[in-house]
Amino acid sequence: MTLAHASSATSAVTGLAAVLLPLPLAGPYDYRVPAGLRLAAGDFVRVPLGRREVVGVVWGAAGGSVPAARLKQIGARLDAPPLPAVLRRLVDWVANYTLAPAGAVLKMTMSVPAALEPQRLAVTYRLAQSLEDGGVKATPARRRVVEIAGAGAFTLADLAREAGVGPSVVRGLADVGVLAAVPMAPPAWSKPDPAQPGPALSPAQAEAAAALSAQVGAGFAVTLLEGVTGSGKTEVYYEAIAAALARGRQVLVLLPEIALSAQWLARFHKRFGVAPAEWHSNLTPAQRRDTWRAVADGRAPVVVGARSALFLPFADLGLIVVDEEHDASFKQEEGVIYQARDMAVVRGMLGQHPVVLASATPSLETVSNVQAGRYCRLHLPDRHAGAELPEMAAIDMRRRPPERGQWLSPPLVESLAATLAAGEQALLFLNRRGYAPLTLCRGCGHRLQCPHCTAWLVEHRHAARLQCHHCGYLVQRPRACPDCEAEDSFVACGPGVERLAEEVAARFPQARWAIMASDLLGSAAAAAELVRQMAAGEIDVLIGTQIVAKGHHFPLLTLVGVVDADLGLAGGDLRAAERTWQLLWQVAGRAGRAEHPGRVLLQTYQPAHPVMQALVSGDGERFLAEEAAQRRDLGMPPFGKLAALIVSGPDAGQVDVVARNLGRAAPRGRGIEVFGPVPAPLALLRGRHRRRLLLKAPRTVNVQAVVREWLRSIDMPNTLKLQVDVDPYSFL
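Residues numbered from 1 in each chain as written. Predicted model: local features only at pLDDT ≥ 70, side-chain atom pairs only at ≥ 80, totals over all residues. Heavy atoms only, no water.

**Quick word on the sheet that holds strand 19 (residues 376-380)**
Heads up, the rule is: What makes two strands pair is DSSP finding at least two bridges between them. The secondary structure listing takes helices from DSSP runs of H or I that are at least 4 residues long and strands from runs of E that are at least 2 residues long, numbered from the N terminus. Here an axis means a line fitted to C-alpha atoms, over the contact stretch when the element is a helix, while the angle between two N-to-C directions is reported on a 0 to 180 degree scale. Contacts are assigned to residue pairs that have any heavy atoms within 4.5 Å of one another.
The seven strands lie next to each other as 13-14-12-15-18-11-19, forming an open sheet whose pairing is parallel. The strands lining the two open edges of the sheet, one partner per strand, are strand 13 (277-279) and strand 19. On average, each strand axis in the sheet is inclined to that of its neighbour by 20 degrees, with strand direction left out of account. Across three bridges, the pairing between strand 13 and strand 14 (residues 302-305) is parallel. Directly across from W279, in strand 14, lies its bridge partner G305. Running at roughly 170 degrees to strand 15 (residues 317-323), helix 7 (residues 233-246) makes contact with strand 11 (221-227), strand 12 (250-254), strand 14, strand 15, strand 18 (354-359) and strand 19 of the sheet.

Spelled out as structure tokens, the structure:
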């Protein structure tokens, strides 16, 4: 057994085969093909690996560098749909681009091992012959079973229950041929109806929908569908989905928070008559198995899912839609590190079908591709049904500060009171979970910190606990300070959404309020119910974190108050300004989406900041142009390339040694710069010490080749982990 060459383009495989395993291996291993076993690239096979057996994928013909006699033999081919050629090419592409082992990428496509096993179909029983013909004594119990079975097919449990007998009676009649056991067909997936009429579109929407629909079946193209919040982008790309369905092609829609998208799912059902297949972490194992198999068999026409849905084995994918394409949650930060939006474009290129990127606040990367002519652009300038964009204003917190111990400024309190008096709804946005982000001793200043991470413990008063939002460490608030031993001396510093709710309840005791934060929503059903209550007007004030910006439509919401508009501007993230503008614009877009005009108030200590100016003026294009000019001058993405290297391990000294060795061996020349090593902002994470290096290079440099050569010179101990992040989004 030896490491083989890259995947072969040949379909039929005989003699020797290269098999890629879903393990962190750089490439396929060679195996012998048993006589009489017919294999093709993409087949799932069971192979020996050491003392165990694993399931892998035939990647093509073997490399042939080792004599066949020394190779182990493939055990069996699994009765499962083969991994499509497009998906195999995507695995290779992602591995090469991200510098992740190809086997680790393959594992994402094989995330449901149960789907590869023979499907266990439920069995029903029906009458095959009479008791007399079967030579069986006609007892009263058997007669009842025969009488009921003559009326149709029943499961064992149903037939036994209806006849009032034990399961052994039914099995006994099946054993002698009186009853016939018939496997049930796989569960049918409802097919969306592309001909079902949707809502009336405005002229601009109809023009955009026609353009997108024309791309379906015409090969590869990437289109930015841009429009102000509430402009009806979803209804426009639904028409492209209908065009793909009419051609018999499958569709993938990626959403940043599928578990929070009850309104999107309801709109899809209304448009197409059925619900789409879903793919996200809240599915049960059985649901994941059935969905994976239905996608592979082509029985699931439309899948809506999180970023991992990109690696499902679609039998005939004809369209990908990435909704809210700017959202940072499309970046996978653990394991194989990839940007799902960009990999969706790659999958569209490999499969030669269109990709739609939809957003009211497109990423600078996407805008740059539009300006370079690589992507098309369709623009929806107006809100649907004549609704107006909300009026936006900045509250200078230096001049209009809140009362002592409070967090809402007088202008925001006044607007909130007026909104409630008018019977309308308000949204208070603060992107900080819990009650308070910091707890310290008022006597000695001791701060309660996570023992496993470089992070303060966040108080969650609702759950009576302190929690680390990075590793999940939980502890009750101590009565005495561990430093000065003073009792009851701890005080909460700064507001979280729970503390904000406390202020709302005190100021407006008659108001019905609710908190929308990920740690308080235990399930997708709970999130859907909260959205329903808000849309139905059963909540007066919604207090939420960034999940309130995920495309929700609340007709009665007229006031949005951003409690800390400056929060996202701190830190060394090169996209901090862009992300803050996107998030706040999306949050602002929740207001005034129906006949009631909306208003947005931004509490800020930096009213002159370009982000605040762009929000108040509504001139997002100018802001992005200025942001692009700054990054171009600095050679930063999308006008330059970055690759981050993070060394981590339990021993800080060992981590430092390896990080320094990496720094000494850093590549030079061709405009390449390497910064570090330095302790990461989160220098301790989940008990592991972390050091970062950052490589910066011009766009003309093949960063992957440079990093591969760089890493060849370093000896990495098994106790340490080296993580490579090409195109980093997080700098923690």
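**What about the packing of helix 3 (residues 140-149) against helix 4 (residues 156-163)?**
For any two helices packed against each other, the geometry comes down to the angle between their axes and how far apart the axes lie. This is how it is decided: An angle below 35 degrees is read as roughly parallel, one above 145 as roughly antiparallel, one from 65 to 115 as roughly perpendicular, and any other as oblique. Note on convention: near helix rotated counterclockwise from far helix by under a right angle means a left-handed crossing. Clockwise means right-handed. Lys, Arg, Asp and Glu make up the charged group, whereas Ala, Val, Leu, Ile, Met, Phe, Trp, Tyr, Cys and Pro make up the nonpolar group; the residues left over, Gly among them, are polar.
In contact at an axis separation of 9 Å, helix 3 and helix 4 are set at 120 degrees when each is read in the N-to-C sense. The angle between helix 3 and helix 4 places the two elements in the oblique class. As for how helix 3 packs across helix 4, the hand of that crossing is right-handed. Residues R144, V145, I148 and A149 of helix 3 lie in contact with helix 4, whose contacting residues are L159, E162 and A163. In the contact of helix 3 with helix 4, the residues fall into five nonpolar, no polar and two charged.

**A word on the packing of aromatic side chains**
So the rule is basically this: Here is the rule: rings of Phe, Tyr and Trp (six-membered ring for Trp) pair when centre to centre is within 6.5 Å. Planes less than 30 degrees apart are stacked, more than 60 are edge-to-face, and the remainder are tilted. Per-residue accessibility, obtained with a 1.4 Å probe over protein chains only, is compared with the maximum for each type, and a residue is labelled buried under 20%, exposed over 50%, and partly exposed between these values.
According to the stated counting rule, one finds ten aromatic pairs in the structure shown. With a centroid separation of 5.7 Å and an interplanar angle of 80 degrees, the aromatic rings of Y238 and W264 are classed as edge-to-face. Placement of Y238 in helix 7 and of W264 in helix 8 (residues 262-272) is noted, with a sequence separation of 26 residues between them. Across the pair, exposure class does not vary: Y238 and W264 are buried alike. Seen from their ring centres, F311 and Y338 are 5.3 Å apart, and the 80 degrees between their planes marks the pair as edge-to-face. Taken together, the residues F311 in the loop between strand 14 and strand 15 and Y338 in strand 17 (residues 338-339) connect sequence positions 27 residues apart.

**Details of the confidence of the model for the protein**
The following threshold applies: Per-residue confidence from the predictor is given as pLDDT, running between 0 and 100.
Here the protein averages 87 in pLDDT, while 96% of its residues score no lower than 70. Note on residues 1-10: pLDDT is under 50 here. Beyond four places in sequence and across chains, it has 30 contacts.

**Points about the pattern of salt bridges**
Side chains bearing opposite charge may pair, as long as their charged atoms lie close to each other. Cut-off, in case you're wondering: One side-chain nitrogen of Lys or Arg within 4 Å of one carboxyl oxygen of Asp or Glu is enough to make a salt bridge.
Overall, the coordinates contain 28 salt bridges when judged by the stated rule. Across the pair D725 and K331 runs a salt bridge, and its minimum N-O distance is 3.0 Å. Of this pair, D725 sits in strand 34 (residues 721-726) while K331 is found in strand 16 (residues 331-332), placing the two residues 394 residues apart along the sequence. Several salt bridges share partner residues, and in doing so they unite E226, R377 and E621 into one network.

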